[in-house]
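# Report on the structure
Each chain, letter by letter, is given below.
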Amino acid sequence: LPLQNRFHVAFYAATLATTITLILFTLLQRRTDRPQNKWFLTMLIIVSVNAISNIGSSVMVGYAEESPFYFTLLKIFHNTYFIFHTILCPVLYCYVLNVTGSIRRWSNLRKIIVAVPFFVTEFFALVNPLTNWVFYYDNYVFRRNWAEYFIYGAAALYFILSVVEIFTSWYAITVRRRIAMTYFFALAMGGVILQLVQIDIKSELFAESLAMMGAMLAIESEDDILDADTGTYNRRALQTDINGFVVKHEAVKLIFVKVVNADMVERVTRSANSDILALACADYFKALVPRYKIYRPNPENFVLICDGYREDDVLKISEMIKDRFLKSWRIFDSTFLLDAVVIKADVPKDIQSVDDVFFVADSIVPSGVDKDGIKIEWIMRRAEIERAIRRAVHDHKFEVYYQPTYCLAERKLHGAEALVRMNDETLGFVPPDEFIPIAEKIGLVEKIDDFVLKQVCAFLESKVPEERGMECINVNLSVIQCLRPGFVEHILKIVNSYAVAHSKINFEITESVGAEDYEALSKVAHDLKKEGFLLSMDDYGTGYSNMEGIFSLDFDVVKIDKSILWNAEKMSRGRIILENSVRMIHDLGCSVLVEGVETEEQIDLLTRLNVDYLQGFYFSKPVPKDRFLEVIA
Ligand code: C2E
Ligand code: CA
Ligand code: CA
């Protein structure tokens, strides 16, 4: 064999070694289930076949003249090369379309139209043995014919389309993929050009195989996007893939599965069995949708991306999941009941950004909420409120309203309760009952309470409340905030920066705290009292607190919740509860304030019970400061 041909064979053999290695690697890693993987594997097979047929033809060229058999072999090898090489660029295009995700938006008609040049040129390659349109032999010398230009033209077309596709999807793909794809194309182009100018350097296929190696390491490799415990995709993969949909304004349906009692399982079994449970869940989901549609952005949450599914299919899948979670899961010898919330969501109707997806996945489902009632709208409203709170905290956009309190005996003004208000530009008025718990969850309630306290201090410093005969102003404290270390110092720092007597501030702490917090809370209450502040217990009668605990806290005033008053009007049993509550609180040495007073009849009732203070809409709703001064004038 001439040296030159051996040189060619060496190039093709190197190509073949590379692609075979890549094929083996792909199969060993079992990365074959996504359409993208299949196209990648197809490219590898095509380049391998091309390398083999080129080795064959490089060898046979040397012997073709010796016998018709060798000549026939040469023709077969050459023809095989064209048949397969014609497929390569279209497959590359399919691969790129899958990586960028654009293929999802293609109609079948579009797919067929784009495939036309491929079918035509493939036809030329297939019929060449009969027609010689692509190439022929002139006295054993290889000659190109007109159809070969079509074949190269079509290849160039698909190549260019692939490049265009990458540039138009630039922001839908990750930086890493961008770099990898750019490299992929530059290397392949370099190989083609080198072979074009130096016909004996068979660099085209070799460069292609190297480019594919790069692509495999950067694009096909899933090590960093797989969830190790379940074989589903991780948070990062979810981020990348959702971004692809969002950037391209593409509609897609999602199913969120939030397991809400995984920690319970861990407590019961005293080990990290939740990973095994997660695997069991993941395996169940894999029976419903392909593996590559399942994501596990955090240990207790799964997200299924149902692209290309119809609405009723998604509904069916989510119902099946709900049903499955009604049954138990078997792990080793034990069975567990997992509590899960299944939420369907539409991009872009319900969810417009990657952040939204993570908000839903990461949001904690509060206990005491009806799980079936949790809809995506409910969660997204929480997200909006969360954003509104952040905006309001940032721009100091809260307002403090005041609701007067009255001494019952003298029927004169006693003080006021400061109540925070949030009026958001987009959401409008949001009631504190709705946003305070959310602010507590995101750790911003402290900022809000500080704001209210400062406003109240400034109001007191103006001496106006005193002149109007107000004894004190009540300020609500969030229990979560009270229990933070250094809380009392923090309060003192704020209050002492105003010229305000401590006894003018009455802090309200709600009764409904967990029993385990009493000890810490009693220390805080004690310290506040020592500093001369007044203390009220709020919402008495709503929790199931231990009496011993709450009354050890030494309150000045106990505020009986409005529900107790309203029940006392409705039934005699409610009346007994109210009466005895008032008596007990008095016997323990505290004053009684009743909230929610709306009618004259209620005042009559409370007068008979010897209640000390009243607060309610009968006197005034909570109103802004200026209005409040008019009300008490
Ligand atoms: P709360 O401390 O029990 O406040 C009393 C609530 O009862 C107020 O609701 C008030 O408007 C309402 N109310 C008073 N009288 C009547 C009445 O006669 N009839 C009816 N139907 N309602 C009456 P608001 O202002 O919506 O506050 C709700 C809750 O939000 C408060 O309950 C308190 O827990 C929380 N909150 C309000 N402001 C603050 C604050 O500055 N900091 C903290 N941590 N929580 C606050
Ligand atoms: Ca209160
Ligand atoms: Ca209250």
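For the structure given in this document, a descriptive report is provided here. Computed from a predicted structure; not experimentally measured.

### What about the sheet that holds strand 8 (residues 340-347)?
With antiparallel pairing, the four strands of this open sheet are ordered in space as 4-5-3-8. At either margin of the open sheet sits one strand with a lone partner, and together these are strand 4 (294-298) and strand 8. Taken over all neighbouring pairs, the strand axes of this sheet differ in orientation by 25° on average, direction set aside. For strand 3 (residues 252-259) and strand 8, the ladder comprises eight bridges, and the chain directions are antiparallel.

### A look at the packing of helix 15 (residues 445-461) against helix 18 (residues 487-496)
Angle between the axes and distance between the axes: these two values describe a pair of packed helices. It is the contact of helix 15 with helix 18, at a shortest axis distance of 9 Å, that shows an interaxial angle of 35°. When the axes of helix 15 and helix 18 are compared, the crossing they make is right-handed. Between helix 15 and helix 18, the residues in contact are Glu446, Asp450, Leu453, Lys454 and Cys457 and His490, Ile491, Ile494 and Val495, respectively.

### Quick notes on the coordination of the calcium ion (ligand 2)
Protein coordination at the calcium ion (ligand 2): the donors are Glu417 (OE), Asn476 (OD1), Glu508 (OE) and Asp538 (OD), at 2.0 to 2.3 Å from the metal. Going along the chain, you hit the donors of the calcium ion (ligand 2) in the pattern E-x58-N-x31-E-x29-D. Taken as a pair, the calcium ion (ligand 2) and the calcium ion (ligand 3) show a spacing of 4.1 Å, with Asp538 coordinating each metal. One end of the pair, Asn476, is in strand 12 (residues 472-477); the other, Asp538, is in strand 14 (residues 534-540), and 62 residues separate them in sequence. A relative accessible area of 23% places Asn476 in the partly exposed class.

### Some thoughts on the nonpolar core
One finds Ile389, Ile505, Phe507, Leu528 and Leu578 to be the most contacted residues of the largest nonpolar core, which totals 81 residues. If you look at the next biggest cluster of nonpolar residues, it comprises 39 residues, including Tyr12, Tyr158, Phe185 and Ala211.

### A short note on the packing of helix 5 (residues 146-168) against helix 6 (residues 175-197)
Between helix 5 and helix 6, the least distance of the axes is 11 Å, while the angle of their chain directions is 155°. With respect to helix 6, the element helix 5 is oriented roughly antiparallel. Taken as a pair, helix 5 and helix 6 cross one another with a handedness that is left-handed. Across the interface between the two elements, Phe159, Ser162, Val163 and Ile166 of helix 5 pack against Met181, Phe185, Ala188 and Met189 of helix 6. A breakdown of the residues in the contact of helix 5 with helix 6 according to their chemical character gives seven nonpolar, one polar and no charged.

### As for the coordination of the calcium ion (ligand 3)
Binding of the calcium ion (ligand 3) to the protein goes through Asp538 (OD), Asp539 (OD), Glu595 (OE) and Glu595 (OE), at separations of 2.3 to 2.5 Å. Each donor residue of the calcium ion (ligand 3) belongs to the same chain, with the gaps between them written as D-D-x55-E. The class for Asp538 is buried, based on a relative accessible area of 7%. On the basis of relative accessibility, which here comes to 22%, the residue Asp539 falls in the partly exposed class.

### Some details on the site of ligand 1
Lining the immediate environment of ligand 1, one finds 23 residues, of which Asp449, Asp538, Lys562, Glu598 and Phe617 sit closest. Contact between ligand 1 and Glu417: an oxygen atom at 3.3 Å from a side-chain N or O atom of the residue. In this structure, a nitrogen atom belonging to ligand 1 sits 2.5 Å away from a side-chain N or O atom of Glu598. When the free accessible area of ligand 1 is taken as 800 Å², the share hidden by the protein chains comes to 86%. Mapped onto the shell around ligand 1, the elements with two or more residues apiece are strand 10 (412-424), helix 14 (432-441), helix 15, strand 14 and helix 21 (562-570). Ranked by residues supplied to the shell around ligand 1, first place goes to strand 10 with four residues. Classifying every residue of the shell around ligand 1 by side-chain character gives nine nonpolar, five polar and nine charged.

### A few points about the pairing of strand 1 (residues 135-138)
Burial of the side chains of strand 1 is restricted to one face: Phe135 and Tyr137 are buried, whereas none of Tyr136 and Asp138 on the reverse face is. Two elements, strand 1 and strand 2 (residues 141-144), share four bridges in a ladder whose sense is antiparallel. If you follow Phe135 over to strand 2, its bridge partner there is Arg144. Counting the residues in the hairpin turn of strand 1 and strand 2 gives two residues, including Asn139, whose phi is positive at 60°.

### A word on helix 14
By the burial criterion, the buried members of helix 14 are Phe435, Ile438 and Ala439. What you see down the axis of helix 14 is that its buried residues fit within an arc of 105°, all on one side. Where helix 14 is buried, its residues contact helix 13 (376-395), strand 9 (398-407), strand 10, strand 11 (428-430) and helix 15.

### Observations concerning a negative patch on the surface
A contiguous patch of negative charge on the surface is contributed by Glu569, Glu598, Glu600, Glu601 and Asp604. With respect to the element layout, Asp604 can be found in helix 23 (residues 600-608).

### Describing the state of the cysteines
For the structure on display, the rule yields zero disulfides. In this structure Cys590 is a free cysteine whose sulfur lies 14 Å from that of Cys472, the closest cysteine sulfur available. Residue classification places Cys590 among the buried residues on the basis of a relative accessible area of 9%.

### A look at a nonpolar patch on the surface
Together, Met189, Ile193, Leu194, Leu196 and Val197 give the surface a local cluster of nonpolar side chains, amounting to about 490 Å² of exposed area. Summarising the element assignment, Leu196 is placed in helix 6. By relative accessible area, which is 70% here, Leu196 ends up exposed.

### Some thoughts on the packing of aromatic side chains
Taken as a whole and assessed by the stated rule, the structure comprises 37 aromatic pairs. A ring pair is formed by Phe135 and Tyr137, whose centres lie 5.9 Å apart and whose planes are at 90°; its orientation type is edge-to-face. Relative accessible area serves as the criterion here: at 3%, Phe135 is assigned to the buried category. Relative to Tyr295, the ring of Tyr233 lies with its centre 5.7 Å away and its plane at 40°, an arrangement referred to as tilted. Of this pair, Tyr233 sits in the loop between helix 7 (203-220) and helix 8 (235-247) while Tyr295 sits in strand 4, and the two are 62 residues apart along the sequence. With respect to class, Tyr233 is no different from Tyr295; both count as buried. Pairwise contacts between aromatic rings join Phe71, Tyr81, Phe82, Phe135, Tyr137, Tyr140 and Phe142 into one cluster. If you follow Arg324 out to its NZ or CZ, it ends over the ring of Trp329, 3.8 Å from the centre. Of note, Lys621 hangs over the ring of Phe617, and the distance from its end group to the ring centre comes to 5.2 Å.

### Focus: the environment of Ile276
Inspection of the secondary structure puts Ile276 in helix 10 (residues 274-288). Its relative accessible area of 33% is what places Ile276 among the partly exposed residues. Sequence-wise, Ile276 and Phe332 are 56 residues apart; in three dimensions their C-alpha atoms are separated by 9.6 Å. Contact partners of Ile276, with chain neighbours within four places excluded, come to Ile331 and Phe332.

What counts, and at which threshold
- Residues numbered from 1 in each chain as written.
- Chains lettered and ligands numbered in written order.
- Predicted model: local features only at pLDDT ≥ 70, side-chain atom pairs only at ≥ 80, totals over all residues.
- Heavy atoms only, no water.
- Pairing = 2+ DSSP bridges.
- Helix = DSSP H or I, 4+ residues; strand = E, 2+ residues; numbered from the N terminus.
- Axes fitted to C-alpha atoms, helices over the stretch in contact; angles between N-to-C directions.
- Left-handed = near helix turned anticlockwise from the far one by under 90°.
- Contact = heavy atoms within 4.5 Å.
- Donors = N, O, S within 2.8 Å, 3.2 Å for Na, K, Ca; no water.
- Buried < 20%, exposed > 50% of the residue type's maximum accessible area, 1.4 Å probe, protein only.
- Core = buried A, V, L, I, M, F, W, Y, C linked by side-chain atoms within 4.5 Å.
- Parallel < 35°, antiparallel > 145°, perpendicular 65-115°, else oblique.
- Nonpolar A, V, L, I, M, F, W, Y, C, P; charged D, E, K, R; others polar.
- Near = heavy atom within 4 Å.
- Polar contact = N/O pair within 3.5 Å; in protein donor to acceptor, adjacent residues only side chain to side chain.
- Areas by Shrake-Rupley, 256 points an atom, 1.4 Å probe, with all protein chains shown as cover.
- Arc of directions from axis to C-beta.
- Patch = residues over 30% accessible without salt bridge, like charges linked within 9 Å, V, L, I, M, F, W, Y side chains within 5 Å.
- Salt bridge = Lys/Arg side-chain N within 4 Å of Asp/Glu carboxyl O.
- Lys, Arg positive; Asp, Glu negative; His and termini not counted.
- Charge placed at Lys NZ, Arg CZ, Asp CG, Glu CD.
- Disulfide = S-S within 2.5 Å.
- Phe/Tyr/Trp six-rings, centres within 6.5 Å; stacked < 30°, edge-to-face > 60°.
- Lys NZ or Arg CZ within 6 Å of the ring centre and 35° of its normal.

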